[in-house]
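Residue-level listing of the chains:
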Amino acid sequence: MTAEQSADPDVATGLDMLLSDGALGPLRRILPGGAGLRMAAKLATKPVTLTRRGAGLAAELAKIGVGASALEPGPKDKRYADPAWTENPLLHRLVQTHIAAGGTAADLVEDAGLDWADHERIQFAVSNVVDALAPSNSLLNPALWQEARKTGGASIVSGVRRLVGDLATKPRVPSMVEPDAFTVGEDVACTPGAVVLRTPVFELIQYLPQTPTVREVPLLIVPPTINKYYVADLAPGRSIVENLLKSGQQVFLMSWRNPTEEHAAWDLDTYGSAILDAMTACEKISRQPSTALMAFCSGGIITSMLLGHLAATGAQERVASVTFAVTVLDQAQSGTTGALLDPDTARQAVEASQKKGYLDGRTLAEVFAWLRPNDLIWSYWVNNYLKGRPPKAFDILFWNADTTRMTAGLHRDFIDIAVANALVVPNATTMLGTPVDLSKVDRDMYVIAGIADHLCAWQSCFRTTQLLGGESRFVLSTSGHIASLVNPPGNPKASFRVAPPASRTPTPINADAWLAVAETVKGSWWPDHADWLGQRCGGEVDAPAELGGRGLPALVPAPGDYVRAT
């Protein structure tokens, strides 16, 4: 999430996988179970291969022992950046031994010749174990002793205290940010606005225009149903909402209520109906017959189904355009999703959330962290526990730690859609009593994905352009799931890829074909999106002097009350 990496769909994990692990726990993924037995059986039939791998490892260990091995960590491997890892003979040999053993384990996975699903399970388990056993995570890490000498031992006391504190409560992973690093409404979620509609399910925030004139058609942001809405309104200068306001948009945003067990029955229809209610309010306040939609991740899944409903009922003209941000609608071959989410696992996950009435957001945060253990677990293990230091303040990770629950009904429906991959089959699922056929949706759409997204692989996001019937513009941002979205202008390293106009109509039919013609554009994708959106939101009118109107008064200042609920 925090570092740009090359695209690799085989390590991506879908929302449905996250949701099943959130109910059953992440440990399930690390235990290979039947896949491990099948791997052992396969390897047992290949004694020559086993002997060759064993001999190769023994030979490499012998080289390491006499200091003749050429194995070295990658130049970008920050775990071994300290010179002591190469200058100290013992530490250097430990690193080389870890690399040799990890490489042999990975080779054996390939040698086994497992089917795709078992291969994904074993590869994930092996990589997690290898990462955990890195010498940098041990008490031999020179950074531990350097920090202890510098602080007179206080860092060790601090590290132990932090470890005990983190283990005491969920999520039981190293803290990635201090709980008081930011304050909601003061330095995140602080763009001026007001709540203009409150229902049991959501609050609708209307933001104060920041330009003398605004576009006629309002823009409604539908955030994900996991975590709070302010992923779209982080710190000033990094806020998507703020940027849209400065580009002349009338911006509305839904702040979902953090549900409890009493809301267990809320399902996809409940949330689809809520978006319709929000659209009606936007249209009423702005006196317009349509609304532009911008949806994030799981909010995009619900929005796509609502578009199917509107198309079926002859009402899709109410949507001026739609933006899908890091949203996967086609679940086929989305990395480990299909490998790890079988019907029995899905059933167990749904039963677990039904018993509680909701899916615990803190467990989801733990699952999320284990998807990228080197970045989100072990780097903080070293910083917090071995060095005894507090984690740095980072608004994205503060948002990530501000978890919410998901209702059992919504969890069940998301899992059902994923297992059946129901959105790619016309009429295979319903929204508000209407069969959903996404090919009938003819709205223009802007689809944004991140090249290093480990949750929603960009190739899976791309397939959205082939599911819906409208004209599409696909943009591939740098970085991962959230960092690809929080991409404010001004970063000299920022860039995105987009197909040139000559190859854009029609959009290339698959991700590889698209990538072959895509060109790199320097800068953030935010201005590109603002220009695209501006062309679909009507002419300019004077900005409203006050928020709300036509029976929908401003109730409380933004960010409202729901975002503060725990």
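Residues numbered from 1 in each chain as written. Predicted model: local features only at pLDDT ≥ 70, side-chain atom pairs only at ≥ 80, totals over all residues. Heavy atoms only, no water.

1. Things to note about the side chain of Ser477
No. 1: Tracing the backbone shows Ser477 in strand S13 (residues 472-477).
No. 2: A polar contact of 3.1 Å, which involves the side chain of Ser477, links it to the side chain of Asn487.
No. 3: Filtering out sequence-adjacent residues up to four positions away, Ser477 remains in contact with Ile448, Ala449, Gly450, Ile451, Ser484, Asn487, Ser495, Phe496 and Trp525. (Helix = DSSP H or I, 4+ residues; strand = E, 2+ residues; numbered from the N terminus. Polar contact = N/O pair within 3.5 Å; in protein donor to acceptor, adjacent residues only side chain to side chain. Contact = heavy atoms within 4.5 Å.)

2. Looking at the UniProt feature "domain: Poly-beta-hydroxybutyrate polymerase N-terminal" (unreviewed entry) in the protein
No. 1: Here, the residues flagged by UniProt with the feature "domain: Poly-beta-hydroxybutyrate polymerase N-terminal" (unreviewed entry) are residues 76-242.
No. 2: For residues 76-242, the end-to-end C-alpha separation is 34 Å, with 44% helix and 12% strand making up the annotated structure. (UniProt positions renumbered as here; feature names shortened; annotations may be inferred.)

3. Concerning the pairing of strand S6 (residues 291-296)
Successive side chains on a regular strand alternate, one facing one side of the sheet and the next facing the other.
No. 1: Among the 6 residues in S6, 6 count as buried, and that is most of the element.
No. 2: Burial along S6 is two-sided: Thr291, Leu293 and Ala295 facing one way and Ala292, Met294 and Phe296 facing the other are all buried.
No. 3: Across 4 bridges, strand S4 (residues 218-222) lies against S6 in parallel orientation. Pairing of Leu219 across the sheet is with Ala292, part of S6. (Buried < 20%, exposed > 50% of the residue type's maximum accessible area, 1.4 Å probe, protein only. Pairing = 2+ DSSP bridges.)

4. Observations concerning the nonpolar core
The tendency in soluble globular proteins is for nonpolar side chains to be buried as a group.
No. 1: Among the nonpolar cores identified, the biggest contains 124 residues, and Leu204, Leu220, Tyr230 and Met254 are the most heavily contacted of them.
No. 2: Here the element with the most residues in this core is helix H11 (residues 268-286); it accounts for 10 residues.
No. 3: Those residues in contact with Met254 that sit more than four places away from it in its chain are Phe202, Glu203, Leu204, Leu220, Ile221, Val222, Pro223, Tyr229, Ala274, Ile275 and Ala278.
No. 4: Counting 8 residues, the second largest nonpolar core, distinct from the first, contains Leu43, Leu108, Val109 and Ala112. (Core = buried A, V, L, I, M, F, W, Y, C linked by side-chain atoms within 4.5 Å.)

5. Brief notes about unusual backbone geometry
No. 1: Of note, the amide linkage connecting Ala558 to Pro559 takes the cis form, showing an omega dihedral of 15°.
No. 2: The backbone of Cys297 shows a phi angle near 50°, a positive value even though the residue is not glycine.
No. 3: Among the secondary structure elements, Cys297 is positioned in the loop between S6 and helix H12 (298-312).
No. 4: Exposure remark for Cys297: the relative accessible area of 9% places this residue in the buried category.

6. Let's talk about the packing of helix H7 (residues 116-132) against helix H16 (residues 373-386)
Geometrically, a packed helix pair is captured by the angle between its two axes and the distance between the axes.
No. 1: Two numbers describe how H7 lies on H16: the axes approach to 11 Å, and their chain directions differ by 30°. What the angle tells us is that H7 and H16 run roughly parallel. Both H7 and H16 take part in a crossing whose hand is right-handed. Mapping the contact onto sequence places Asn128, Asp131 and Ala132 in H7 and Pro373, Asn374 and Trp378 in H16. (Axes fitted to C-alpha atoms, helices over the stretch in contact; angles between N-to-C directions. Parallel < 35°, antiparallel > 145°, perpendicular 65-115°, else oblique. Left-handed = near helix turned anticlockwise from the far one by under 90°.)

7. Overview of the domain arrangement of the protein
No. 1: According to the domain assignment, the protein contains domain 1 (28-140) and domain 2 (193-345 + 403-564).
No. 2: A separation of 41 Å is found between the C-alpha centroids of domain 1 and domain 2. (Domains from an automatic or database assignment.)

8. Section: the state of the cysteines
No. 1: Under the counting rule described, the total for this entry stands at 0 disulfides.
No. 2: Of the cysteine sulfurs around Cys282, a residue in no disulfide, the closest is that of Cys537, at 11 Å.
No. 3: What makes Cys282 buried here is its relative accessible area of 0%.
No. 4: Of the cysteine sulfurs around Cys456, a residue in no disulfide, the closest is that of Cys297, at 4.2 Å. (Disulfide = S-S within 2.5 Å.)

9. Observations regarding the packing of helix H3 (residues 34-44) against helix H6 (residues 89-112)
No. 1: Contact geometry of H3 with H6 gives a least axis separation of 9 Å together with a crossing angle of 80°. With respect to H6, the axis of H3 lies roughly perpendicular. The segment H3 lies against H6, with Met39, Lys42 and Leu43 engaging Leu108, Val109, Asp111 and Ala112.

10. Structural notes on the sheet that holds strand S1 (residues 193-198)
No. 1: On the basis of which strands lie adjacent, the open sheet formed by 11 strands has the order S15-S14-S13-S12-S7-S6-S4-S5-S2-S1-S19 and mixed pairing. Edge positions in the open sheet fall to strand S15 (519-522) and strand S19 (556-557), since each of these has one partner strand only.

11. Remarks on the pairing of strand S7 (residues 319-325)
No. 1: Burial analysis of S7 places 6 of its 7 residues in the buried class, which makes it a mostly covered element.
No. 2: When S6 meets S7, the two strands line up parallel, connected through 6 bridges. Opposite Leu293, over in S7, you have Val322 as the bridge partner.
No. 3: Remark: the S6/H12/S7 crossover connection has right-handed handedness. (Right-handed = clockwise from strand over helix to strand, strands pointing away.)

12. Some thoughts on helix H8 (residues 142-151)
No. 1: For H8, the full list of buried residues reads Pro142, Ala143, Leu144, Glu147 and Ala148.
No. 2: Packed against the buried residues of H8 are helix H5 (84-87), H6, helix H9 (154-168) and H16.
No. 3: For H8, the N-terminal capping position is held by Asn141, with its side-chain oxygen 2.9 Å away from the main-chain nitrogen of Ala143.
No. 4: Where H8 terminates, the next one or two residues include Gly152, which has phi positive at roughly 65°.

13. Considering helix H4 (residues 47-65)
No. 1: Taking 1.5 Å per residue as the helical rise, H4 with its 19 residues ought to reach 27 Å, and the 27 Å between its terminal C-alpha atoms agrees with that figure.
No. 2: Taken together, the buried positions of H4 are Thr49, Glu60 and Ile64. Each buried residue of H4 lies within a common arc of 50° when the element is viewed along its axis, so the set occupies one face. For H4, the exposed residues lying more than 90 degrees away from the buried face are Val48, Thr51 and Gly65. (Expected span 1.5 Å × (residues − 1). Arc of directions from axis to C-beta.)

14. A look at the environment of Gly248
No. 1: Relative to the elements of secondary structure, Gly248 occurs in the loop between helix H10 (240-246) and strand S5 (250-256).
No. 2: Separated by 304 residues in the primary sequence, Gly248 and Leu552 place their C-alpha atoms 22 Å from one another.
No. 3: Once residues lying within four places of it in the same chain are set aside, the contact partners of Gly248 are Thr211, Thr213, Val214 and Arg215.

15. Description of the packing of aromatic side chains
No. 1: Taken as a whole and assessed by the stated rule, the structure comprises 15 aromatic pairs.
No. 2: Between the aromatic rings of Trp378 and Trp381, the centroid separation amounts to 5.5 Å while the plane-to-plane angle is 70°, which identifies the pairing as edge-to-face. Linking Trp378 with Trp381, this pair stays in helix H16, spanning 3 residues, or about one helical turn.
No. 3: A ring pair is formed by Trp458 and Trp514, whose centres lie 5.9 Å apart and whose planes are at 55°; its orientation type is tilted. With Trp458 in helix H19 (residues 458-462) and Trp514 in helix H22 (residues 511-517), this pair connects stretches of sequence that are 56 residues apart. We note that Trp458, like Trp514, is buried. (Phe/Tyr/Trp six-rings, centres within 6.5 Å; stacked < 30°, edge-to-face > 60°.)

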